[in-house]
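# Examining the three-dimensional arrangement
Residues per chain are reported as follows:
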Amino acid sequence: GAEVVFSVDCTKLKEYFSPGEREFDRIYFNFPHCGRKAGVVKNRELLACFFHSCAEVLAEQGEVHVALCNGQGGTPADRPRREWHNSWQIVAVAAGAGFILSDVHPFKAETIHGYKCTGYRSQDKSFCVEGALNHIFTRSTLPLCLTPVSCKTQLGSQKVSFQVPQVLVDKINRGFLELNSSHPVRTIKEKLSAGLSRAFPLQNISSCLPLLHQGQLHGVCHSNLFWIALSPGEAPSAEETSQGLANAVWFSRFGQDTDRNVREGCPVPEQCYLRPSLLPHAQAIIREGAFSPGTLHVLAGPVFRQCRITPHSMPVFHEMLVVLAVSRGTENSCIQMLVDNIKTTTSSLHQAVSGVKPSISLQEATSFGTELNDFAAFECQLGEIQHLLCVGPDPDPSGSCVGVIRTAPDELKSSELVVVSASLNLDLLAMLLCGISDWRMLWTSDRRFLQQFPEGELRLFKSFSLYPPSYVHDVSFWVPDGEEFDEVAFHTLARRVSGEMVVSIQLRDSFQQPGTGRRSLCYRVTFQSCDRALGCREAAEMQLRFREEIQQHLGVTLR
């Protein structure tokens, strides 16, 4: 009952089917080849044209199956794997047409009824399919077109507005911790709260937490903060007020021609910064006297920190802060009780997800020196910490520190009470518990991520984008005379220009010119997406924009 069409050009599929017939659920191409002794370049070109053609006739949730001989694809699934330049580079070629590799498995001809490997022109020597692989591609989400976002909020007695930093536009108002969310960070927060409530009286304080800070955070480096220039804000409408939006913050999108109010870089008078921690809010609650000794107070919400690009460094993450006032002399036993409770809940979650009991340890902060991940290092800037909470098979604070414990004897100005607090990075916990290797996946707009966590159930995450291609570019420049190069600002520009497509920045060379003393730096920038298609041309365009941006904003002279 199937319709068979002959002499179809795989690079012009839409020409053979009417508009009503162009919604294919599957497109199969077994062992494509240009014929004769065509090299890898010609076959890449064939695949590129084929994938562009597929994009015009494939259903939104459709799949493209391409079977290749062993080694041709150039992915880690090939055994043995060919050199990249000698392969068909199928994942990168497909990315150019907006497809991602979502699955790959052995091609088993014997399981396909009626399939026969006849070889070229039905010669006696059959086509060799031993070790062949079937590559399954799906549509990627479209590139983000980030419209500037304006935010109105309350700051003290004033209503103010500001433009959200571009690097945070797709992250500022995602609502991962809201009641209707099934995101893993909310599930983990609720599970931890439930566990703690069995050991302590518990009070949640997650509403009306200010988004902005004013004043100095002693010990915190200015370059790690997202500085905001304010403008007078209008009072929210009655409709907005009645909706009771979280944290009393109103977001709106506006056109590109709107005046920009964000200044990234050094602070100027009347500037504020996005909250880098919930700790100052807890301290303010304590100072106002709205704090019940013996009750565990829980604060949770996103916090924002400018940081370098590394696998575990996040410009925004969800912090869970628990604060408890205890009698002086009992703080150590309360810390142990608090940590034991967190360890029990975390261990139970990890075992339920992966079936393996994790190693969770409380480490002395002083025993690690500078070997800390960015989360723990920034917490040290906020104030002295006593302990680190590490999760993983080999607890190592350079990557596995998910929480810090601190005591503040003078916070209550009481000779009888001591404040104990624990700050947890819910995003890092979600990564470790669910096997998510890239923090950016937590913020993806692809629905396939949340579909793996129905009704807030924690599971091991299975990536829907396998072996994403990476593209390496170098950039070299002269640093302005007499100025210290701001590497954090350099990394933040890379995040902004690429839309978080830069996965690594490494200093390759530092050179000082004899005689003049001019200093030159050379960095290697690696572009790679974890959740959507990124082609080589798009990466090259990002590199060109990045060069322009660093020249304009950092005052460097390109080489």
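Anyway, here's the lowdown on the structure attached to this text. (Residues numbered from 1 in each chain as written. Predicted model: local features only at pLDDT ≥ 70, side-chain atom pairs only at ≥ 80, totals over all residues. Heavy atoms only, no water.)

### Notes on the sheet that holds strand β2 (residues 58-68)
The line we're drawing: Any two strands with at least two DSSP-identified bridges between them are counted as paired. Secondary structure elements are taken from DSSP: a helix is a run of H or I of four residues or more, a strand is a run of E of two residues or more, and numbering for both begins at the N terminus. For helices, the fitted axis covers only the stretch in contact; all axes are lines through C-alpha atoms, and the angles between them, taken along N-to-C directions, range from 0 to 180 degrees. Between two residues, a contact is recorded if the distance between any of their heavy atoms is within 4.5 Å.
Spatially, β1-β2-β4-β3 is the arrangement adopted by the four strands of the open sheet, whose pairing is mixed. Here the strands that pair on one side only, and so sit at the sheet edges, are β1 (24-30) and β3 (99-106). Going from strand to strand, the sheet's axes swing by 20° on average, the running direction of each strand aside. One ladder, built from seven bridges, connects β3 with strand β4 (residues 133-139); its direction is antiparallel. Paired with V104 across the bridge in β4 is H135. With respect to the sheet, helix α1 (residues 40-54) is in contact with β1, β2, β3 and β4, its orientation differing from that of β2 by roughly 155°.

### Focus: the side chain of R406
Put simply, the test is: Think of it in three bands: with a 1.4 Å probe and only protein chains considered, a residue is buried below 20% of the maximum accessible area for its type, exposed above 50%, and partly exposed in between. Polar contacts here mean pairs of N or O atoms no more than 3.5 Å apart (in protein, one a potential hydrogen donor and the other a potential acceptor; neighbouring residues in sequence count only if both atoms are side-chain atoms).
Within the secondary structure, R406 is located in strand β17 (residues 401-408). In this structure R406 comes out as buried when scored by relative accessible area, which is 7%. A distance of 2.7 Å separates the side chain of R406 from the backbone oxygen of E379, its partner in a polar contact.

### Topic: the sheet that holds strand β8 (residues 212-213)
Read across the sheet, three strands follow the order β8-β12-β9 without closing on themselves; strand pairing throughout is antiparallel. Looking at the sheet topology across the chains shown, the edges are occupied by β8 and β9 (227-229). Here β9 pairs with strand β12 (residues 271-274) via three bridges, running antiparallel. Within β12, the position partnered with I228 by the bridge is C272.

### Here we look at helix α8 (residues 426-434)
Here α8 lies mainly inside the structure; eight of its nine residues are buried. Two or three places before D427, at the start of α8, stands the capping residue N425, its side-chain oxygen 3.1 Å from that residue's backbone nitrogen. Remark: G435 follows α8 within two positions and exhibits a positive phi of approximately 70°.

### Focus on the pairing of strand β5 (residues 149-155)
Across the seven residues of β5, five count as buried, placing the element largely inside the fold. Strand direction decides the pairing type here: β5 and strand β6 (residues 158-163), joined by six bridges, are antiparallel. Residue pairing in the sheet places T153 in a bridge with V160 of β6. In sequence, β5 turns back onto β6 through a hairpin of two residues, with G156 there showing a positive phi of about 65°.

### Details of helix α3 (residues 184-197)
Threshold: Multiplying 1.5 Å by the helix residue count minus one yields the expected span of that helix.
In a regular helix each residue adds 1.5 Å, so 14 residues correspond to 20 Å; α3 covers 20 Å between its end C-alpha atoms and thus fits that length. Counting buried residues along α3, 10 of its 14 residues qualify, which places the element largely inside the surrounding structure. If you check which residues of α3 are buried, you get P184, V185, R186, T187, I188, K189, L192, S193, G195 and L196.

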